[in-house]
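# Coordinate inspection notes
The chain contents come next:
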Amino acid sequence: MRGGSRWTVTDRVQPVDTQPGADDRALLRAHVDGDRDAFAELVRRHRDRLWAVALRTIGDREDAADALQEALISAYRSAHRFRGDSAVTTWLHRIVVNACLDRVRRRAVRPTVPLADTEPLPVAPVDSDTALDVRAALAQLPVEQRAALVLVDVQGYSVAEAAAILDVPQGTVKSRCARGRARLAALLGYLRNPVPGADVPSQEGR
Amino acid sequence: MSPISEADLDRLADYTAGLLDQRERERVDALIATDPVWRDAHETLLAAQPRLDAALAGLGAERLPVDVAAQLDAALVREGEPAATGTPVKARRSWRRLLLSSAAAAAAVVAVFAGVVALSNSGGPTGSTTSNGYRGQGGGAALSAPGRPEDLSGGAATVLHSGTDYTPQNLSSALGAGQAKDTATGPHAAAPNAAPNAPGGDGDLARLDDPQALRGCLAAIVARRGGTPSVVDFARFQGRPAVVVVLATGATHRIVVAGPACGLAGPDELYTTPA
């Protein structure tokens, strides 16, 4: 039993998925109460999504693995401080995303050169659609835009969820996503010829 | 179109997302109405949206690679271990439970320090382990708890019971065997785990839950293919129960897929990747 726990749960957690959110909380409580298996089960439930966010945000497999492990160890240790004002999965994502952002900033891995306001945004030499091209372009975005884009446009979280994870207003998430998409379009060459084989592009918006 | 500046593209992006205040929006309205560069940029940015959606969707889902999962699980287990030396009581109980119950074994991961190179080593179960205590939910690898057997000096093989249904296409990427980065996506990604105890599933591999039987299996594989087993996954291959073994030889890897009869009269090899 860990000391300093705010929780006083006495029942053992059962692996019932009728209320996944509530079950996550029960698992976290069980972990805080000393159940050595509970946190692993909690991680097991969410690790694929957490991994996807880490990998897409960092863009490097080894760094993403390190960030994920660092984040989940941090969560393991700080679980007693979880206040319960968000979903457990949001809390886990927040810790993972912050670990990724810290790692990217610390290592200054962003490969792009900041452009002067008056310089044109570079565009890809050819239209690119492969996943490899998209991943490479994604890695060139400013990390804040990348993180928002990964959460909303790649992983499918709502703007509200992404805002909670990133701890920023929803409007900031929307702007980061919009700007990230525009830059991505430029990097992928979509802005020169946005519809392959079509002389006149449609004007369909999102 | 003529490209516009980075700052103008940000402004245009906010405009298309409806995020500008009225005054700024009216300014951009005027630019689009009067400046061909802005008009073209606006039109092409709008037109690019479906293609962007498709490109981002094409990144596909990601499953945590088995090797990363094993490292993560091991780190979490270490985090939970008491500072005192010795195998935790609970872990020892779990190891016994693992041996006694194939149902438990199907959802557990064991770190076996089997000295898999020096397979002639004889000894009892050589790894401490812990079972997760919960039924898996398709998560594959669970906890692994490295032990410190004193009588063994060989390499360590992580034993998993992921239940993943592998194919020749997803084998390398799914096991993270030093192949191309970040490739466990797309149409060849490993299928979600089968239920570990489904009929004809992992239970067909119950014989290999016995460490001696597993050693015999690995010995047969190593005798044929060489290398050092680094990962052993009780899984499936093209729908059939199979043990997937990653053999490391220096910087290269080979993945061997063995059937349930592995070790009885050879490796019962179903498939192998090139070395």
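All values reported here derive from a predicted model rather than from experimental measurement.

The rules behind the values
Residues numbered from 1 in each chain as written. Chains lettered and ligands numbered in written order. Predicted model: local features only at pLDDT ≥ 70, side-chain atom pairs only at ≥ 80, totals over all residues. Heavy atoms only, no water. Phe/Tyr/Trp six-rings, centres within 6.5 Å; stacked < 30°, edge-to-face > 60°. Helix = DSSP H or I, 4+ residues; strand = E, 2+ residues; numbered from the N terminus. Buried < 20%, exposed > 50% of the residue type's maximum accessible area, 1.4 Å probe, protein only. pLDDT = per-residue confidence, 0-100. Contact = heavy atoms within 4.5 Å. Expected span 1.5 Å × (residues − 1). Axes fitted to C-alpha atoms, helices over the stretch in contact; angles between N-to-C directions. Parallel < 35°, antiparallel > 145°, perpendicular 65-115°, else oblique. Nonpolar A, V, L, I, M, F, W, Y, C, P; charged D, E, K, R; others polar.

## Let's talk about the packing of aromatic side chains
Residue and element names in this part refer to chain A. As enumerated under the stated definition, the model contains 3 aromatic pairs over all chains in all. Plain terms: the ring middles of Phe39 and Tyr76 are 5.2 Å apart, the flat faces sit at 75 degrees to each other, and that makes the pair edge-to-face. Of this pair, Phe39 sits in helix α2 (residues 38-58) while Tyr76 sits in helix α3 (residues 61-78), and the two are 37 residues apart along the sequence. For Phe39, a relative accessible area of 1% puts it in the buried group.

## Quick look at the confidence of the model for chain B
Residues and elements named next belong to chain B. With 59% of its residues at a pLDDT of 70 or more, chain B shows a mean pLDDT of 66. Across chain B, helix α2 (residues 22-34) holds the top mean pLDDT of 95, while strand β2 (residues 129-130) sits lowest at 30. In the predicted structure, residues 84-155 sits below a pLDDT of 50 and forms 167 contacts with residues beyond four places in sequence or in another chain. Here residues 177-202 scores under 50 on pLDDT; set against residues more than four positions off or in separate chains, the count is 63 contacts.

## Brief notes about helix α4 (residues 66-80) of chain B
Think of an α-helix as 3.6 residues a turn; residues three or four steps apart then line up on the same face. Taking 1.5 Å per residue as the helical rise, α4(B) with its 15 residues ought to reach 21 Å, and the 21 Å between its terminal C-alpha atoms agrees with that figure. By the criterion of burial, α4(B) is predominantly enclosed, with 12 of the 15 residues buried.

## As for the packing of helix α7 (residues 159-166) of chain A against helix α8 (residues 170-187) of chain A
Residue and element names in this part refer to chain A. Two elements in contact, α7 and α8, have axes separated by 8 Å at closest approach and are oriented at 105 degrees. Between α7 and α8, the angle is such that the two are roughly perpendicular. Of the residues in α8, those touching α7 at Val159, Ala160, Ala162, Ala163 and Leu166 are Gln170, Val173 and Lys174.

## A look at the packing of helix α1 (residues 6-16) of chain B against α2(B)
All names here are of chain B. Close contact between α1 and α2 brings their axes to 10 Å; oriented N to C, the two are set at 110 degrees. When the axis of α1 is compared with that of α2, the two are roughly perpendicular. Residues Arg11, Leu12 and Tyr15 of α1 lie in contact with α2, whose contacting residues are Glu24, Arg25, Arg27, Val28, Asp29, Leu31 and Ile32. By residue class, the composition of the contact of α1 with α2 is 5 nonpolar, no polar and 5 charged.

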